Structures are given as structure tokens and as C-alpha cells.
Amino acid sequence: MASVLRSSLNLRPVARLHAARSFSTAPLRRAEQPFFANEPQAPIVKTAIPGPKNKAAAAELDEVFDIRSLNLLADYSKSVGNYIADLDGNLLLDVYAQIASIPVGYNNPHLAKAVSSPEMVRALINRPASGNFPSADWNHILRTGLLKAAPKGLNQVFTALSGSDANETAYKAAFMYRRQQERGGPDVEFSEEDIRTTMLNQSPGSPQLSILSFKSAFHGRLFGSLSTTRSKPIHKLDIPAFDWPQAPFPALKYPLEEHVKENAEEEQRCLQEVERLIKEFHNPVAAVVVEPIQSEGGDNHASPAFFRGLREITKRHNVLFIVDEVQTGVGATGKFWAHEYWNLETPPDLVTFSKKAQTAGYYYGNPALRPNKPYRQFNTWIGDPARALLFRAILEEIERNNLVENTAKTGDYLYQGLESLAKKYPHAIQNLRGKGQGTFIAWDSPNRDEFLVKAKSVGVNIGGSGNSAVRLRPMLIFQKHHADILLDRIETLIKS
């Protein structure tokens, strides 16, 4: 990203770029009612990006804060709906959306109203230690928000602070559940040896158990979650890691319809290796964690049959099945939870969430996943009631505007447009994937980093994943007229 930032500083002035490029002059698609009436008709690009004001502000910030991962300095007072503003008056169509974490648009009025409510004020200024002193309305907040959106078959929630924290605490729950079973149940007390050895970081009190994850997975940057992250070395270098197993994730060939037999064989190979590791790995596997779509690792997909196979293997071997929906959850794939596409016979044991939820944690259904004693799954805040209230407002906005359905329909429309571009420019759009997965779409680009930088010059903020993927992460309010703009700008970039 640092190299991308340096490259962006050397872009030609946008006026010269526009002289060499022509955007479509067709009227914007407006048959649909826009969710934000005050959005611009199209991106507004006034300066090279970053412009002079952004460069000056970045230089000042660099004196006190590490900016080497800086994309742009945003002016959130002027950002609106699907558009992010910078300090130089540029308004970019944002299909990256804060790494997939903005659900219902910048400066959403319904969220602004929720933030000004008396219960939000109380939650913010009296931030409770929720494990010890939850607010009297905490049950109501959970039942009308987070639990209302719970995945099918899961009726309890543990709230956390971030996606990494959600996965960390889910792993803890899995380990405690495993050892509880091995002892003979929740009523069996810890042995003197358990108590003594855990204070020495030794077994059996601190057991040599493991979490199985997949090649190219990303589950966070804290110690436990980092040991299951396998996407890029830069995430993990110099950090001590647990001795935990890694299974291959299916490397599918595209177009899918032309490689049915090969892809089925590849998925079966991966499932066989998962089962072998569960049976043979020297540190017993307490849980398998998987993303419905590997996001940071390059937007890698697998079929519903693969995930059903994972669920069957984990059930057969009494291993917990954790689905990491931090990036795929809350409507991004055209269903509220991406694992709904799998049609599982039994639900996952735990589903972790964050990003578009604007809060974090994990859902579960089995009461035995609640530790047998207090303070075993605990921290001061255990999440944040203010963020749970914000999620409730997000959920209200999603339901009021049918935003999951909107994302499914817009995604189909956008995918068709990209499919046409891929046929027209096969060198530029390779391995297009995400069909039928809402706007959770990606493709491989031979000059990905250059593409991402130049996209800003035509008014689009877009992101990448893995080594070569361009990934789309629009908000749930992204509509067909936004897709028209995006497709037009993508073709302009390809032709330039």
C-alpha cells in the first residue's frame, strides 16, 4: 500500500486525464428511487488525488501517526451516501466502504437520529462494564437488535470489540467446551494439576489444543486469530504463533460452468485433507474456522457442497464449526448471512461478526458453549452497548429499505455488466467471481495496484485483496445507477 500511495503522488493532473478520456454521456439510470436524494449525480474530481490539501494534512499527521497505509484523508462532514469526500473537494464513488464496514451510507439520517437518542447518550457517557454492571435495558437492546438478526438456530450472543476479538473469544469458547467435555461435563471441577500447570503455561491446565484454518485465510491480527491467518506474511512476521494446522482451501477454476468436474475433485481433495488433519494432527483440533468467501486472501470461493462437507466432517469428529462472517455478514452477499447459501442440515456452532454490523461478537446456540464458571469469558466492556444500539438502527434501515434484496438484485445487474466487460477485455478482467453473491464480486487484474491508484482519478475508490484481485465492497445502498457509473469508469480505465 505504501508503494501505491507513492505512485498516486505522481499521477498526472486530472484535467489532462479527462482530456484523453470520454465518459458516457447517457443519462443516469433513475427509474429506481435513490436512497440518498442529496448524492451527486456522478463522481466529482477537481484535482489530482491526493490533492494539495490532502498532501499537506497527511504530512502533518505523519509527524504524530504512522500513515504508511494511508489511502486518503477523508472529509466525513461532506461525505454522503455512497460517496466519500477528500479535503480537496473530490467526491468519489466508494465501492470499498472502509474495508467492507459501512452498511447504509455516509451520514445516514436514521443513524444520526439513533445516535442522538437518550439511550445512546447514556450508553456513551456511562459506558458500562457489561459483565458486571449491564444497563437495565441491555436485554431489550440485544433482543431488538443483535438477536433479532441472529443466524437460524443460534439464539445467544457474546459481544466483543472487533472482528479479531470476536474470533479470539470464539476460539476460547471452543477450547473451554472441548476440555469441559474431556473432564466429563460442566459440573466436574478443575483438578489441582489443572490449576497448578495453567499458571506455568503448561498442560493439562493450558492444553496443547488447536484451531484448524485454511491456506489464504484471514481471521484477524491478535495472537489467536493471527495464528489462523494465512493470507500475507506481513500480517504475521515476528509474532510468536501457535502450532496449529492449515488445510488447503479449494483453488477453483473459472468460469465455473466450464470446470465442474475439476472443481468438484479439488473440493473433495481439500475435504479429505481437513479430515486427515483432524484425525492426525499432533495438537488435537478443537474447532475448524472458515470464511464463506476468503476475503483478504484474494476473494476465494468454494461451493455450498464444500461447506456442507466441512459441516459433516466436524459433526462426525465432534469438532466445532466456526463460520467467520466478519466481512461477508449483514447482507453483503445478497443474503443476511452468507452461510445461508449452504443449506446446512445443522447450523454452525459459532458465527462471528463485525464490520457492517458496526459492533462485534459471536452467535451460538448450544448452552454448553457458555463457560461453566463466571469470568472465564470476560473483559471490562464485553463489547459496547453504544455499538449494539447503532447496529439496531442499521438493522431497522436494512429492513425498512429491503437492502439485502437490493444488494442481491444490484449484484446480479453489476455482475452481468462485468461479465460483458470481461468478454470484451479478457486480458484486463480475469477469473471474474461472485455470481449470485450480491455485490461481493472480484476479479484478477494483471496490473492491479496501478488500476486501484488510477481509479481515483476517474472518481472511484476501490480496493484489492490477495496478490492480484480487485474486490468490490459497496454499501447495501449501492444501486443500479451506481453500477452504471462504476462499469463506465472501469471500462475507461481499461481503455486508457
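Right above here is the structure, for reference.
Residues numbered from 1 in each chain as written. Predicted model: local features only at pLDDT ≥ 70, side-chain atom pairs only at ≥ 80, totals over all residues. Heavy atoms only, no water.

A. Local environment of the overall build of the protein chain. Broken down by element type, the protein chain carries 17 helices and 14 strands. Against the globule reference of 23 Å for 496 residues, the protein chain gives a C-alpha radius of gyration of 23 Å, in line with a compact fold. If you line up the protein chain on its principal axes, its C-alpha atoms span 75 × 60 × 45 Å. By residue count, 56% of the 496 residues in the protein chain fall in the buried class. (Helix = DSSP H or I, 4+ residues; strand = E, 2+ residues; numbered from the N terminus. Rg over C-alpha atoms; globule rule 2.2 N^0.38 Å. Buried < 20%, exposed > 50% of the residue type's maximum accessible area, 1.4 Å probe, protein only.)

B. Examining helix H15 (residues 403-424) more closely. When the terminal C-alpha atoms of H15 are compared, their 31 Å separation across 22 residues agrees well with the 32 Å that a helix rising 1.5 Å per residue should span. Buried within H15 we find Leu403, Val404, Asn406, Thr407, Thr410, Gly411, Leu414, Tyr415, Gly417, Leu418, Leu421 and Ala422. For H15, the elements touching its buried residues are helix H14 (385-400), strand E10 (430-433), strand E11 (442-444) and helix H17 (480-495). (Expected span 1.5 Å × (residues − 1). Contact = heavy atoms within 4.5 Å.)

C. Inspection of a nonpolar patch on the surface at higher detail. A contiguous nonpolar surface patch, about 290 Å² in accessible area, is contributed by Val121, Leu124 and Ile125. Within the fold, Ile125 resides in helix H6 (residues 118-125). Under the relative-accessibility criterion, Ile125 is labelled exposed at 65%. (Patch = residues over 30% accessible without salt bridge, like charges linked within 9 Å, V, L, I, M, F, W, Y side chains within 5 Å. Areas by Shrake-Rupley, 256 points an atom, 1.4 Å probe, with all protein chains shown as cover. Salt bridge = Lys/Arg side-chain N within 4 Å of Asp/Glu carboxyl O.)

D. Examining helix H12 (residues 260-280) more closely. Its 21 residues give H12 an end-to-end C-alpha distance of 30 Å, which sits within 8% of 30 Å, the value for a rise of 1.5 Å per residue. Contacts from the buried residues of H12 go to strand E4 (210-214), strand E5 (246-247), strand E6 (285-290) and helix H13 (304-316).

E. Inspection of the side chain of Asn263 at higher detail. On the secondary structure map, Asn263 appears in helix H12. The buried category is assigned to Asn263, whose relative accessible area is 7%. Excluding its chain neighbours within four sequence positions, the residues that come into contact with Asn263 are Leu252, Lys253 and Leu256.

F. Looking closely at the packing of H12 against H13. Viewed as axis vectors pointing N to C, H12 and H13 meet at an angle of 20 degrees, and their least axial separation amounts to 10 Å. Between H12 and H13, the interaxial angle falls into the category roughly parallel. The handedness of the crossing between H12 and H13 comes out as right-handed. Contacts from Glu267, Cys270, Leu271, Val274, Glu275 and Ile278 of H12 reach H13 at Phe306, Gly309, Leu310, Ile313 and Arg316. In the contact of H12 with H13, the residues fall into seven nonpolar, one polar and three charged. (Axes fitted to C-alpha atoms, helices over the stretch in contact; angles between N-to-C directions. Parallel < 35°, antiparallel > 145°, perpendicular 65-115°, else oblique. Left-handed = near helix turned anticlockwise from the far one by under 90°. Nonpolar A, V, L, I, M, F, W, Y, C, P; charged D, E, K, R; others polar.)

G. Structural context of the environment of Glu273. In this structure, Glu273 sits in helix H12. Take Glu273: its relative accessible area is 23%, and that puts it in the partly exposed class. Residues Glu273 and Phe249 lie 24 residues apart in sequence; the distance between their C-alpha atoms is 9.8 Å.

H. Quick look at the pattern of salt bridges. For the coordinates displayed, the defined rule picks out 27 salt bridges. Glu182 is the salt-bridge partner of Arg178, the closest N and O atoms lying 2.9 Å from each other. With Arg178 and Glu182 both in helix H8 (residues 163-183), this residue pair falls four residues apart, about one helical turn. Among the salt bridges present, the one from Asp488 reaches Arg489, with a minimum N-O distance of 3.1 Å. Across the pair, exposure class does not vary: Asp488 and Arg489 are buried alike. Salt bridges here are not isolated pairs; linked through shared partners, they connect Arg178, Arg179, Glu182, Arg183 and Asp194.

I. View of the sheet that holds E10. Here we have four strands laid out as an open sheet, ordered E10-E11-E14-E13, and antiparallel in their pairing. Only two strands of the sheet have a single partner each, and these edge strands are E10 and strand E13 (463-465). Geometrically, the sheet is characterised by an average inter-axis angle of 25 degrees between neighbouring strands, direction not taken into account. Across three bridges, E13 lies against strand E14 (residues 469-471) in antiparallel orientation. By the bridge assignment, Gly464 is partnered in E14 with Val470. (Pairing = 2+ DSSP bridges.)

J. Fine view of the pairing of strand E9 (residues 360-364). Within E9, five of the five residues are buried, leaving the element largely enclosed by the surrounding structure. Burial along E9 is two-sided: the face carrying Ala360, Tyr362 and Tyr364 and the face carrying Gly361 and Tyr363 are both buried. Sheet topology places strand E3 (residues 156-160) next to E9; five bridges connect them, and they run antiparallel. Opposite Val157, over in E9, you have Tyr363 as the bridge partner. Pairing between strand E8 (residues 350-353) and E9: four bridges, direction antiparallel. Bridged to Thr352 within E9 is Tyr362. Two successive antiparallel strands, E8 and E9, enclose a turn made up of six residues, where Lys355 displays a positive phi of approximately 45 degrees.

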